Amino acid sequence: QLWDTCFSSNCQWFVVSTYTHWVLGVFSAGWTDVFVTSVYKHDRRNPTVLELLLFWVISAMGCEGGWVPPQFGSDVPSQLLCATVADMPVDDTKYLTIARYE
C-alpha cells in the first residue's frame with residue numbers, strides 16, 4: 001500500500017509511523033529501489049523526531065542543506081526484503097537500509 005500511495009501521488013519521499021516508532025524513506029526515480037532509515041523511537045533526543053521530520057521535509061523539497069540520496073544502481077549495496085513490520089527491530093542507529101524490489 002505504501003508504494004501504491006506514493007506512486008499514485010507521485011511522491012517519492014515518505015514517513016511511516018505508529019506514533020511511538022518512526023521510519024523515513026525515499027523511493028528511487030524508477031520506483032524500484034528505496035532508502036529507509038532505521039526505526040526511531042518517539043522519545044528520541046538529539047535529533048528529536050520533530051527535527052528528523054523537518055529535515056526530511058526540506059530534503060524532499062530539494063532545499064539547500066537537505067539530504068540527497070545517492071544514485072541507485074548496481075554499485076549501491078542492496079538488501080532484499082522478506083520481512084513484515086512486526087519483524088523490524090527497534091534500533092536507534094543512524095544507518096540507512098536500501099531495499100530493492102525485484
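Located above this text is the structure these notes cover.
Numbering of residues starts from 1 in every chain and runs along the sequence as written. Local features are withheld for residues below a pLDDT of 70 in this predicted model, meaning they are given only at 70 or higher, and side-chain atom pairs are given and counted only at 80 or more; totals for whole chains, interfaces and linings count all residues. Only heavy atoms go into the side-chain values, all of them from the structure, while hydrogens and water stay out.

(A) A look at the overall build of the chain. Strands are runs of DSSP state E lasting at least two residues, helices are runs of H or I lasting at least four, and both sets are numbered from the N terminus onward. A count of helical and extended segments in the chain gives 2 helices and 5 strands. When the elements of the chain are put in sequence order from the N terminus, they spell out α-β-β-β-β-α-β. Per-residue accessibility, obtained with a 1.4 Å probe over protein chains only, is compared with the maximum for each type, and a residue is labelled buried under 20%, exposed over 50%, and partly exposed between these values. Burial status across the chain gives 28% buried among its 102 residues. Long-range pairs, those at least 24 residues apart, make up 49% of the contacts in the chain between residues at least 6 apart in sequence. Each accessible area is a Shrake-Rupley estimate made with a 1.4 Å probe; only the visible protein chains count as cover when residues are assessed. Surface accessibility of the chain: about 7,100 Å² in total, with carbon and sulfur atoms responsible for 59%. Any two residues whose heavy atoms approach within 4.5 Å at even a single point are treated as in contact.

(B) Focus on the packing of aromatic side chains. Aromatic pairing here means that ring centres of Phe, Tyr or Trp (its six-membered ring) are within 6.5 Å. Orientation follows from the plane angle: under 30 degrees is stacked, over 60 is edge-to-face, and everything else is tilted. If you walk through the whole model with that rule in mind, you get 10 aromatic pairs. For the pair Phe-7 and Trp-31, a centre-to-centre distance of 5.3 Å together with 85° between the ring planes defines the contact as edge-to-face. One end of the pair, Phe-7, is in helix α1 (residues 2–9); the other, Trp-31, is in the loop between β2 (21–27) and β3 (33–37), with 24 residues separating them in the sequence. A residue is classified by how much of its surface remains accessible, and Phe-7, at 43% relative accessible area, is partly exposed.

(C) Representation of the environment of Leu-52 within the structure. With respect to the helices, strands and loops of the structure, Leu-52 is situated in helix α2 (residues 49–60). The contacts of Leu-52, once residues within four sequence positions are left out, are Leu-24, Tyr-40, Arg-44 and Pro-47.

(D) Examining the environment of Gly-30 more closely. Here Gly-30 lies in the loop between β2 and β3. Its relative accessible area of 51% is what places Gly-30 among the exposed residues.

(E) Representation of the nonpolar core in the model. In terms of nonpolar packing, the biggest core is built from 9 residues, these being Trp-13, Trp-22, Leu-24, Val-26, Phe-35, Tyr-40, Val-49, Leu-52 and Trp-56. Among the secondary structure elements, those contributing two or more residues to this core are β2 and α2. We define the nonpolar core as a collection of buried residues of types Ala, Val, Leu, Ile, Met, Phe, Trp, Tyr and Cys that are connected through side-chain atoms lying within 4.5 Å of one another. Counting residues in each nonpolar core, the second largest holds 8 residues, with Cys-6, Phe-27, Trp-31 and Val-34 among its members.

(F) Molecular detail of α2. Multiplying 1.5 Å by the helix residue count minus one yields the expected span of that helix. In this model, α2 (12 residues) spans 16 Å end to end at C-alpha, consistent with the 16 Å of a helix rising 1.5 Å per residue. Of all the positions in α2, only Val-49, Leu-52, Trp-56 and Ser-59 are classed as buried. All buried residues of α2 lie within an arc of 85° about the axis, which places them on one face of the element. Of the residues in α2, the exposed ones pointing more than 90 degrees away from the buried face are Leu-50 and Leu-54. Taken together, the buried residues of α2 touch β1 (13–17), β2 and β4 (40–41). The reported arc concerns the directions from the helix axis to the C-beta atoms and nothing else.

(G) Region of the structure containing unusual backbone geometry. Looking along the chain, the bond that leaves Asn-46 and enters Pro-47 is cis, with omega of 0°. If you trace the backbone, Pro-47 turns up in the loop between β4 and α2. Structurally, the position occupied by Asn-46 is in the loop between β4 and α2.

(H) Quick look at the pairing of β1. We treat two strands as partners when DSSP finds at least two bridges between them. Pairing between β1 and β2: 5 bridges, direction antiparallel. The residue bridging Val-16 from the neighbouring strand is Val-23, located in β2. Remark: 3 residues form the turn of the hairpin made by β1 and β2, two consecutive strands paired antiparallel; Tyr-19 in that turn has positive phi of roughly 75°.

In short, the description is geometric, and any link to function would need to be established separately.
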